[in-house]
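# Geometric and topological summary
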Amino acid sequence: MASIVAGIACSHVPAIGVAMDRGTTGTPYWEGLFKGYEPARQWLAKLAPDVAIIVYNDHACAFSLQFIPTFLIGVADRFPIADEGFGPRPVPVVQGHPALAWHLAESLILDEFDMTIANEMPVDHGLTVPLSVTCGQPQQWPFPVIPLCVNVVQYPPPTGARCFKLGQAIARAVASFEPDLRVVIYGTGGMSHQLQGERAGLINRDFDKAFLDGMTKDPLALTRITHTEYMREAGSEGVEMVMWHIMRGALDADAAEIYRHYHVPASNTAAGLMILENRRTT
Amino acid sequence: MTESREYDTIPGTYVYDARRGREGYALNMFCMSLNVAENRRKFKEDEAAYLDRFTLSPEQRRTVLKRDWLGMLKVGGNIYYTIKIAFCDGLTFQDVASMMSGVSKEEYAKMMLAGGRSPEGNRYKDAAALDTSRG
């Protein structure tokens, strides 16, 4: 049987990808951030998962405002890199895992989560930056990926509580997949940041720290944070943190924190990284 | 945009909700078209003619042609979309953020390096007004 072994929370700031693509990660500006990514890369290389589910939001690349899926799962065998307005990132094409992805789609829908299914779609920095952060710059990504998109571009995104429950349903679905696969799940986006308006640049370290602590201390309490509270406290785009709850919900209640890294600033954003591992071994 | 929402009390923030979605669809779909390299070339070649393909209001059109980043948000622009115009101009997110918040690029970068904009005094419009009156 397949099982979820670990969760990774990771900000997906586009400038982080640009720094890697241009080879500027060693500059004084970026050094501190990237140094903190090293232990996570080593941990993931050692874990060597069979497949990753990456929860992220599309940024007006795969979807426009024409169709706005709240939850979407990609079932293709490959996902090309999107042109986000300045050419595609020079990173490998992302290989999918159609067998598990279709199983998830069917299981989730029958479990009352009404997923949109995508047979073809490009993936943007929301997915590729967390891959770059945790895998470095390989010729090919070390594992296949199932993209799971969440709308956070058109208000309202799904609630934190709904996201957490989707995570729980993902765990049930993975556990009912026959082949023995070790699965990691990424929750991406955040942490505090505001990209728009006169209030652009807002960062709230206290909020972010409490959020990171809450991931193990009381994740259910975090799911009750309202959208207005995210926007007021963590910036209008801080609401992306609802996606972390999908990752957290997919893990066991007593999942352990293995590593965290927090750095300000990455462009306009507080960049966070956290690794959680399920205690049981299968 | 008469109906008020709880988050309307947050200063300097333009939540892309149903009200803005109704107003901004065409503007944002124009921005979306800039994901295609050929369209970026055509837009740069003759911006006014390119904009004729989309049913923008006169004010939306003005904000695009004048690169009034804050103004775009006020007429239904969504930052994830309007930023594509900036990418087309060779600007970064930080360049645009500094312009929207009314400070120089250097001043903005300095603020971010010092830990970003504090939430203190920036949570409620009234508090922001109070802070300003205090100087």
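Residues numbered from 1 in each chain as written. Chains lettered and ligands numbered in written order. Predicted model: local features only at pLDDT ≥ 70, side-chain atom pairs only at ≥ 80, totals over all residues.

We now examine the overall build of chain A. Secondary structure summary: chain A contains 10 helices and 10 strands in total. Over its C-alpha atoms chain A spans a radius of gyration of 17 Å, differing by no more than 12% from the 19 Å that the globule rule assigns to 282 residues. For the C-alpha atoms alone, the extent of chain A along its principal axes is close to 50 × 40 × 40 Å. Counting over 282 residues, chain A shows a buried share of 56%. (Helix = DSSP H or I, 4+ residues; strand = E, 2+ residues; numbered from the N terminus. Rg over C-alpha atoms; globule rule 2.2 N^0.38 Å. Buried ≥ 20, exposed ≤ 12 C-beta atoms within 10 Å, placed from the backbone.)

A few words now on the overall build of chain B. Looking only at helices and strands, chain B features nine helices and zero strands. Mapped in sequence order, the helices and strands of chain B form the string α-α-α-α-α-α-α-α-α. Taken over the C-alpha atoms alone, chain B extends approximately 50 × 40 × 20 Å along its principal axes. Here chain B holds 135 residues, and 37% of them are scored as buried. Within chain B, contacts between residues separated by at least 24 positions form 52% of all contacts whose residues are at least 6 apart in sequence. (Contact = placed C-beta atoms within 7 Å.)

Our next topic: helix α7 (residues 93-100) of chain B. Quick reminder: α-helices carry 3.6 residues per turn. Residues three or four places apart thus point the same way. Residues and elements named next belong to chain B. What α7 keeps buried is the set F93, V96, A97, S98 and M100. Tucked inside the fold, the buried residues of α7 contact α5 (69-74), α6 (79-88) and α8 (105-113). Two residues or fewer after α7 comes G102, characterised by a positive phi angle close to 75 degrees.

We now examine the sheet that holds strand β6 (residues 116-118) of chain A. All names here are of chain A. Strand order in this open sheet of eight strands is β6-β3-β7-β2-β8-β1-β10-β9, and the pairing throughout is mixed. Strand pairing shows two members of the sheet lacking a second neighbour, β6 and β9 (256-266), which therefore form its edges. Put simply, the sheet's adjacent strands are angled 20 degrees from each other on average, direction ignored. Where strand β3 (residues 71-74) meets β6, three bridges bridge the pair, whose relative direction is parallel. When the sheet's bridge partners are listed, G74 is paired in β6 with A118. Helix α3 (residues 38-47) contacts β1 (3-10), β9 and β10 (269-277) of the sheet and is inclined by roughly 140 degrees relative to β9. Lying on the sheet, helix α6 (residues 160-175) is in contact with β1, β2 (51-56), β3 and β8 (182-188); it crosses β1 at an angle near 145 degrees. (Pairing = 2+ DSSP bridges. Axes fitted to C-alpha atoms, helices over the stretch in contact; angles between N-to-C directions.)

Examined at the domain level, chain B breaks down into domain 1 (13-91) and domain 2 (103-135). Spacing between the C-alpha centres of domain 1 of chain B and domain 2 of chain B amounts to 27 Å. (Domains from an automatic or database assignment.)

Contacts between chain B and chain A engage 43 residues on the former and 31 residues on the latter. Taken together, the elements giving at least two residues each to the side of chain B that touches chain A come down to α1 (18-33), α5, α6, α7 and α8 of chain B. Take the side of chain B that touches chain A: its biggest share by element is six residues, from α6 of chain B. When the residues that make up the side of chain B that touches chain A are grouped by side-chain class, the tally is 26 nonpolar, 12 polar and five charged. (Nonpolar A, V, L, I, M, F, W, Y, C, P; charged D, E, K, R; others polar.)

Now for the nonpolar core. Counting residues in each nonpolar core, the largest one holds 130 residues, and the members touching the most others are V55, I73 and I185 of chain A. Counting contributing residues per domain, this core is built from domain 1 (13-91) and domain 2 (103-135) of chain B, each supplying no fewer than three. If we skip the residues at most four places from it in the chain, I73 of chain A touches A101, L104, A105, M115, I117, A118, I146 and L148 of chain A. (Core = buried A, V, L, I, M, F, W, Y, C linked by C-beta atoms within 7 Å.)

The next thing to look at is the pairing of β9 of chain A. Residues and elements named next belong to chain A. One ladder, built from eight bridges, connects β9 with β10; its direction is antiparallel. Paired with R260 across the bridge in β10 is M274. Between the end of β9 and the start of β10, which pair antiparallel, lie two residues, with S267 showing a positive phi angle near 60 degrees.

Time to look at the pairing of β1 of chain A. A regular strand places its side chains on the two faces of the sheet in alternate fashion. Residues and elements named next belong to chain A. Of all the eight residues making up β1, six are buried; the element is thus mostly covered by neighbouring parts of the structure. In this structure, β1 lies alongside β8, joined through seven bridges in parallel fashion. Within β8, the residue paired with G7 across the bridge is I185. Where β1 meets β10, five bridges bridge the pair, whose relative direction is antiparallel. Following the sheet pairing, A6 is matched in β10 by E277.

This brings us to unusual backbone geometry. All names here are of chain A. Between Y155 and the following residue, P156, the backbone shows a cis peptide bond with an omega angle of 0 degrees. Within the fold, P156 resides in the loop between β7 (145-150) and α6. Cis geometry is found at the peptide bond from V264 to P265, where omega equals -5 degrees. Mapping P265 onto the fold places it in strand β9. For A48, which is not glycine, the phi dihedral falls at a positive 45 degrees. Here A48 is to be found in the loop between α3 and β2.

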